[in-house]
Every structure is written in structure tokens, then in C-alpha cells.
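Structure at a glance
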Amino acid sequence: MSRRHRRDPREIHAPDEVFAEMLLAARELLAVRSPLDAELMVSDMIGAWWGRRLRRGDAEQVLGEGLVDYAAKAGTPAALTLLIALAYLGTARQAAKAEGAALALIERDVARPRWADRLGAVKPTGCYVSRDAYGDQDTVVCTFGYRGTESGESEDRHALVMVVDYNMRGIARDAWVSSHVDKLLEQARAEAEASPMLRFEEIEPQQARALLESAMKATADYGDRRTLPPVSDSYSAYHAFARSRIKALPPGRKRPAPLHSEAPYSRDRRAMLAAEFLSSDAAEHLSDPSAASRCADHIIDYGCDQDFGRPLRVSPTKCETFMLDWLPRKVMLSPAEQEAVPYVLSAWARFTAPRTGLSDEALRATLDGIWEATARFAEAYRDPTTFGLERDLVERLLPDGDLSALARRVFAFPFLQGEHGEVKLDLLNPADEGDRRLLLEIDHVGEPVRPDHDEHLAWHEEIAARLWEGDPPQLWEAAQRLLDLGHDRHEVLHVLIEIAERIGDDPEALADALDDIADIPDEPPL
């Protein structure tokens, strides 16, 4: 199916209009000559709504199951062919509904293409992985053939290719399909033979399945629920196809560890590693031991917590991501630490290279990448004290150094300076439960007395505590949307309280309810 048939479901108000257009496009299925073409067409079709959310829930679930019902009612040959494909390519619920609907149409003698019974009837013929020397990513190649055909037939043999990016939390960042299997494998082998920075090898199908299932889950879980993960433009079109092919691989093995993966690092082990680094020859030129020590802690924490327990792994991309993305979002640095970051990171690369077997060529490229990023680091890292916030105030709001929490904690506790009566606000600690209660009481001074004052204040404490921890993340996201619409802070807090009180102790329902907030009703709850 050509990409012109794909429409963004957010642009269409009536689901039946979406389904009618898709069923019209499904007529092309009757003209294709192979089950592979049909599966790719349907995967592209349903990929239009991948990763998006509707008011009623996940678009893949709501629209996918709605499409099944619509096709079942249509009862045409194109509808039957679409249902057969969805029985293989859909989610578990979609597949069950589609299979039942397809069987009902088959019993009514609705016509279908001769190849329709071969949809999804594939067997794996080989699994391979191409790894770069840095451990930045794995390119996984899984080859398949249709059962009941000769494996040498080019129209039946095909390869699923997926890129797993470890600098982006191990997500599946890209996916595509090739029918030129031999040429693809030959090219991958030739590239590995020509470059010491690449390694190409065959892996067990169970290992490939575990790796790809984990990567697709990481993609689905990446970021917040209102934005799509940073994947290629083609990923959504191949998502359903990839999911179905991965299920065709045999299960039975845990996810393989990434290259250079190590045992989990306890706090003591992290401290010992930092001490070993700071006493090494690589770190002897660092002029500020205190700043170097704190920077080393950040580097090790990043590798342990964001890179699958691999603090020793370095690469140009990982170091750039650390400097230009993670530090500016997550860590409160002193001016001395800001200045020390590139020097400590370069020393760390020299320290770890012999321990991980990183080649001299790869180390030079990593050091070049660090210094190229250094020029942009001063721009990327915005010290909150440059916005007029006093450092003492910032440190009270960020005792954990989590810079990403600053805005939501300021929103939760806006009165932290000056005096209120005899209370010196500068001495109150918003991380302390007792001080937190007093701050919220001061926040409510001047409001009309209400009979449920204590209960209402307790709910404000609950919301403030959740905002402090960022749990769930949808809470602050919803608050920002309402603030952007011009609502005042107290209105927003009351809406958040009403939702939390109504939903109760159901994290998934609370996240869904917060995701659905678009505006405050005309008469917001008090």
C-alpha cells in the first residue's frame, strides 16, 4: 500500500471515516501476489496510529479493535483479507477478535486470495547482530522464510532489520524489511571485515527475540505518554510487522547483556571506582580535586543508571549525550564543576580505555567528540542561579541535585524566602514533612475558612509530595498544560486534587485521567 493512504487519526473526528478509508485501501490487498507484500501493506496501514493516545485510551487499542469490528460488518473479500492479516499482525486482543471475525466470513464463503492462508506462516532461518566497537548500538538482522515454500525463492525469503540504540535507553530506534537477504548479509560481513570498529556475528534466535522484545518495550516506555519516542520515520510502518516476526522466534532466553556490560554497581562499588580513577595517572592533571570528585560521581552514576550498568563504556555519542542532554536536564552543577566537566570526562575516557579494550583510534575519536561538545556545553547548561534564583534556595529545592525537578518543586512550594509573621521562610526545608505542612498552611493564609480545612490541606500535602517526587510524571505535565492555558496556580492544584481524590489508589487510572486533562471546566472543583 502506498503511503498516501496513511492518515493521522488525530486529524479525523469520526472513527468510521478512518475505517472506511482503510477498508477502501485494503482492496489493494486483493491484487498483491505474496503474503509478504500483504503483511507489509497492513503493517504500514495500522502504523498510522502507532504510539498515539486518544481520550478513550491507547489509539492502537481503540482504533485497532474498532477497525476489526468495522471490517467484520463490511464482510467483503477485502475486509476478510484485512482481518486475516490483523489476526497475525495485531495486538493479542485485536488478533483474537480478527480471527473470530475472519472465520465467520470464511464460513459464509466470502472469497479470499489463494495466498491468504500463508499469512504469518513463517519460520526463522537465521539471526545476526552487527555491533560497533563502542557498544553504542546493535543492528539485529533476523531472516525468515514461509513454510511450505522453497527457501530459495526470493519473494518468500526476507529479513527484518532493527537498530537498538543504547545511548537512548536501549530503544528500538529503527526498523525495516529487505527481500535481498543474501546481499544484505554479504554487505554486513564485508563492512565488519573492512572496519575494526564493527563486529558481525550470528546469534541464537532466542537471544535475538529477547533483545528485540526488550528494545521494543523500551521504545514503548520511552519519555512521556503524550510524545512519540525518537524513532525513525519508518519505524511506525514496520512496528506491527516487527512485533509479529519477533513472536515467530523461539522464546526461552533472558535479554543478552550489551557489549561491555558489567555486574550491578552498589553505592560502595561506585565510590571505590571513583577513588581508583581520582588516584590514577589519567586524573593527575585535574586541578580542582573537589570538583573532579563530584564530576566523576556524575559520570559513574550516568553509566550505571542510564547505560545498563556500564560506567566504563565511553564513546563520542555517549559523552556528547552526557554533556549536552543529561547534565543540563538532571544535575545541579557548581560553577567549578561546570568548568571541570570536559576535563574530567576526557580523563575518564583515558582511564577506562585500557580497561575495556577500546582502541587508540576509538579513544582519539571519543576525545575529539568531548572537545567538540565542550563549545556547546556552556550554551546547553543553564545554571538556575543565572535566572535570578539564589543558590541557597536552589539547594533547598534540589537536595538530591535533580535539576529536572526544579520547576515542579517551585510550583509546589512558591513561598520559601522572606518572613511570614515570626516565621523565617528561608529556614524552612520543603523536603521535611513538618516544614512542608507549615509552608502549605502559609500558602493558604487569607483564604475563606472551610469546614474541611484539615482534609483539604492534607490533599494539598499529597499533591505537593507527588510533585516533589515527580510521581506520576503525568501530574506535572497536566499542571503545565493548564498553566499554559492561563489558569492560576491554585485553580490547577484544585483540579489535580479532585482527580487524585476521585481516582484513588490506581496508578494506571490516575495517569490516564491526568493525560486526558485538556482544560479546566467552567466551574472548577473547590
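Report follows, based on the coordinates. Being a predicted model, the structure only gives us computed values, none of them experimental. (Residues numbered from 1 in each chain as written. Predicted model: local features only at pLDDT ≥ 70, side-chain atom pairs only at ≥ 80, totals over all residues. Heavy atoms only, no water.)

1. Comments concerning the pairing of strand 5 (residues 158–165)
- Among the 8 residues that make up strand 5, 8 are buried, leaving the element largely enclosed by the rest of the structure.
- Burial along strand 5 is two-sided: the residues H158, L160, M162 and V164 and A159, V161, V163 and D165 are all buried.
- Pairing analysis gives 8 bridges linking strand 4 (residues 137–146) to strand 5, with the strands arranged antiparallel. The residue of strand 5 that forms the bridge with T139 is V163.
- Bridging between strand 5 and strand 6 (residues 171–178) involves 7 bridges; their strand directions are antiparallel. Paired with A159 across the strands is S178, a residue of strand 6.
- Linking two consecutive strands that pair antiparallel, namely strand 5 and strand 6, is a turn of 5 residues; a positive phi of about 65° is found at R169 within it. (Buried < 20%, exposed > 50% of the residue type's maximum accessible area, 1.4 Å probe, protein only. Helix = DSSP H or I, 4+ residues; strand = E, 2+ residues; numbered from the N terminus. Pairing = 2+ DSSP bridges.)

2. Here we look at the sheet that holds strand 3 (residues 122–132)
- Within the open sheet, the 5 strands sit side by side as 6-5-4-3-7. Their pairing is antiparallel. Bordering the open sheet on either side are strand 6 and strand 7 (198–202), each of which pairs with just one other strand. Pairs of neighbouring strands in the sheet enclose a mean axial angle of 20°, with direction left out of account.
- Here strand 3 pairs with strand 7 via 5 bridges, running antiparallel. Opposite S130, over in strand 7, you have F200 as the bridge partner. (Axes fitted to C-alpha atoms, helices over the stretch in contact; angles between N-to-C directions.)

3. What to know about the pattern of salt bridges
- Inspection of the entire model under this criterion finds 34 salt bridges.
- R173 is the salt-bridge partner of D165, the closest N and O atoms lying 2.9 Å from each other.
- For R450, the salt bridge is made with D452, and the minimal N-O distance between the two is 2.8 Å.
- Among the charged side chains, a network of salt bridges with common partners joins D136, D307, R310, R313 and K318. (Salt bridge = Lys/Arg side-chain N within 4 Å of Asp/Glu carboxyl O.)

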